[in-house]
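# Structure at a glance
Single-letter residue listing:
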Amino acid sequence: IGMIDAGLGLVLLGDGKGNFKPLSPSESGLAIKGDIKAILELNTEGVKQILFGIHQQAIETYQLK
């Protein structure tokens, strides 16, 4: 068996007091497959986006609500 290190990404919501609640991929809308090498947050004209650089794949972009 090889390394078991695959996932779809995880969003944690903080309450500002050091507590975090995990959201499932269906709740967060985040489902990234692959080896993420870089993450960049952009805020252009009030539109927030997160870009994910994935090893040997196209960049994935998610818009924040």
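Look up a bit, the structure's there.
For the structure given in this document, a descriptive report is provided here. (Residues numbered from 1 in each chain as written. Predicted model: local features only at pLDDT ≥ 70, side-chain atom pairs only at ≥ 80, totals over all residues. Heavy atoms only, no water.)

### Let's talk about a nonpolar patch on the surface
- On the surface, a nonpolar cluster with roughly 330 Å² of combined accessible area is contributed by L10, L12 and F20.
- Along the chain, the position of L10 falls in the segment before strand 1 (11-14). (Patch = residues over 30% accessible without salt bridge, like charges linked within 9 Å, V, L, I, M, F, W, Y side chains within 5 Å. Areas by Shrake-Rupley, 256 points an atom, 1.4 Å probe, with all protein chains shown as cover. Salt bridge = Lys/Arg side-chain N within 4 Å of Asp/Glu carboxyl O. Helix = DSSP H or I, 4+ residues; strand = E, 2+ residues; numbered from the N terminus.)

### Some points on the packing of aromatic side chains
- In the structure shown here, the tally under the stated rule is 1 aromatic pair.
- When the centroid spacing of 5.8 Å and the interplanar angle of 85 degrees are considered together, the rings of F52 and Y62 count as edge-to-face. Of the two residues, F52 is situated in strand 4 (residues 47-54) and Y62 in strand 5 (residues 60-63); the sequence distance between them amounts to 10 residues.
- Relative accessible area serves as the criterion here: at 7%, F52 is assigned to the buried category. (Phe/Tyr/Trp six-rings, centres within 6.5 Å; stacked < 30°, edge-to-face > 60°. Buried < 20%, exposed > 50% of the residue type's maximum accessible area, 1.4 Å probe, protein only.)

### Some words on the pattern of salt bridges
- According to the stated counting rule, one finds 1 salt bridge in the structure shown.
- Between K37 and D35 there is a salt bridge, and its shortest N-O distance comes to 3.0 Å.

### Describing unusual backbone geometry
- The phi torsion at E45 lies on the positive side, around 50 degrees, for a residue other than glycine.
- When you line up the elements, E45 lands in the loop between strand 3 (36-44) and strand 4.
- Judged by relative accessible area, E45 falls into the exposed class, the value being 80%.
- A positive phi is found at Q56, a non-glycine position, where the angle reads about 55 degrees.
- Mapped onto the elements of the fold, Q56 is located in the loop between strand 4 and strand 5.
- The exposure class assigned to Q56 is exposed, which follows from its relative accessible area of 74%.

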